[in-house]
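Commentary on secondary and tertiary structure
These are the residues of each chain, in order.
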Amino acid sequence: MSSVFVWFASNAPQRVSRDLMEIMKPNKYLLASAIGGLPDPSAPENMCWGTLGTVRPFPGFHADRDAMEIREALESKNVVTLLRILTNRTNAQRQEIAKTFEEQTQKDLAAALKKSLSGDVEVLLLELLMPPVQYEAYRLQQAMAGLGTDEETLMEILCTRSGPRLQEIRAAYKQLYKKDLEKELKGETSGDFAKLVLALLNKSSAAGGVQRDIESLSATLSGKKADAGPWISILTSRDSDHLNKVLTGLELKNGQAINETVEKRFSGDFRLGLSVLVQCIQSSDVYLAKRLATMKPSFVHGIMVSHSEEDLLCIRAAFIKLTGTSLYSALQKQFKGDHLQVLLAVCRSED
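Conventions we followed
- Residues numbered from 1 in each chain as written.
- Predicted model: local features only at pLDDT ≥ 70, side-chain atom pairs only at ≥ 80, totals over all residues.
- Heavy atoms only, no water.
- Core = buried A, V, L, I, M, F, W, Y, C linked by side-chain atoms within 4.5 Å.
- Buried < 20%, exposed > 50% of the residue type's maximum accessible area, 1.4 Å probe, protein only.
- Helix = DSSP H or I, 4+ residues; strand = E, 2+ residues; numbered from the N terminus.
- Contact = heavy atoms within 4.5 Å.
- Arc of directions from axis to C-beta.
- Patch = residues over 30% accessible without salt bridge, like charges linked within 9 Å, V, L, I, M, F, W, Y side chains within 5 Å.
- Areas by Shrake-Rupley, 256 points an atom, 1.4 Å probe, with all protein chains shown as cover.
- Salt bridge = Lys/Arg side-chain N within 4 Å of Asp/Glu carboxyl O.
- Lys, Arg positive; Asp, Glu negative; His and termini not counted.
- Charge placed at Lys NZ, Arg CZ, Asp CG, Glu CD.
- Phe/Tyr/Trp six-rings, centres within 6.5 Å; stacked < 30°, edge-to-face > 60°.

All right, on to the nonpolar core then. Core analysis: the biggest nonpolar cluster contains 99 residues, and Ile-70, Met-155, Trp-231, Leu-235, Met-304 and Leu-331 have the highest contact counts within it. No other element matches helix α17 (residues 268–293), which puts eleven residues into this core. Leaving out residues up to four positions away in the same chain, Leu-331 has contacts with Met-295, Val-300, Met-304, Leu-340, Leu-343, Leu-344 and Cys-347.

Turn by turn, an α-helix covers 3.6 residues, leaving residues three or four places apart pointing in a common direction. The set of residues buried in helix α13 (residues 210–219) consists of Asp-213, Ile-214, Leu-217 and Ser-218. Seen along its axis, α13 keeps its buried residues to an arc of 135°; they face one direction.

Here we come to a positive patch on the surface. A cluster of basic residues, Lys-174, Lys-178, Lys-183 and Lys-186, forms a positive patch on the protein surface. Examined against the element boundaries, Lys-178 turns out to sit in the loop between α10 (163–177) and α11 (181–188).

Looking now at the environment of Leu-109. Relative to the elements of secondary structure, Leu-109 occurs in helix α6 (residues 109–116). The spatial distance from the C-alpha of Leu-109 to the C-alpha of Ile-70 is 9.1 Å, given a sequence separation of 39 residues. Apart from the residues within four sequence positions on either side, Leu-109 is in contact with Ile-70, Ile-97, Ala-98, Phe-101 and Leu-129.

What follows deals with the packing of aromatic side chains. Tallied over the full model, the rule gives four aromatic pairs. An angle of 50° between the planes, with centres 4.9 Å apart, marks the rings of Tyr-173 and Tyr-177 as tilted. With Tyr-173 and Tyr-177 both in helix α10, this residue pair falls four residues apart, about one helical turn. Neither Tyr-173 nor Tyr-177 differs from the other in exposure class; each is buried. Taking the centre distance of 5.6 Å and the plane angle of 75° together, the rings of Trp-231 and Phe-266 count as edge-to-face.

Before going further, it helps to examine the pattern of salt bridges. Counted under the stated rule, the structure contains 17 salt bridges. Linking Glu-136 and Arg-165 is a salt bridge whose minimum nitrogen-to-oxygen distance equals 3.8 Å. In this pair, Glu-136 is assigned in helix α8 (residues 132–144) and Arg-165 in helix α10, connecting sequence segments 29 residues apart. A residue is classified by how much of its surface remains accessible, and Glu-136, at 2% relative accessible area, is buried. When salt bridges with common partners are traced through the structure, they connect Glu-136, Arg-139, Glu-156, Arg-161, Arg-165, Arg-291 and Glu-310 into a single cluster.

This is the structure in structure tokens:
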């Protein structure tokens, strides 16, 4: 397990207001060239872009060189260098840097960053240092920590991750927190919502006919109180192509948009959970873009960090279609200082 993550899990800093974040204000050209939409100045010109993520493997990567630069930047409090390196490397490369840094200095990189940084930029850089599966486990733990539960964040992760990935997250959760994720979720939820959450955690593929599934879901709506059972069993055990055909067929059969059906026939946390699940079935990119549009720091961090190497380009495209504004521009209107520069570097460019 990453020592960086172990440190963060037990020393997670509190988010603070953005007006405390403007520690330094380099000129716009320096920010753009160092950590914004342009690549690292030392990157080869023929850098390959072939995935749907915005953060790609850095060509000519040398962990020892990066660790040395970070060490020097920490000593001189050169925040720009820290941001440039850590936002232009993949998570796997950051893990190598953290390991090499510890070998060179006998110090933990996360602890060193915490000493030099503060507030939201500190939180965001520490999150970028977490291995992906452990980061999702951490997000789930945070959604259940303290008073109240962040049900929508639970649903976001459970709905946008595959069954095998969720089992990896479950194992990471057990290793990090010495608790079983399923038991934790049971303790934080109740009723039909709890059944939905647990079905998603343990999702598996089961065969079903489209027309038969349409009829099964339609039948649940005939009585005064809609039956949640078939919605849970069908929507958590079929592939997205199948489910999109089912939902479209149900809309045609009932003459009502599926989101209206969910809104009118269900209530409470189950209605929220089912609404998130339906939106993710129809388009997880659009759903995540809607979450980003709130510009709530924890949502922005969670989505941008966890999707930066996978499909953030798709989410960016959905965002501009949904809001009429690029994610890159929207971030500049909402955030400031070094925190903003890290977000822009992960977003990567204007659309």
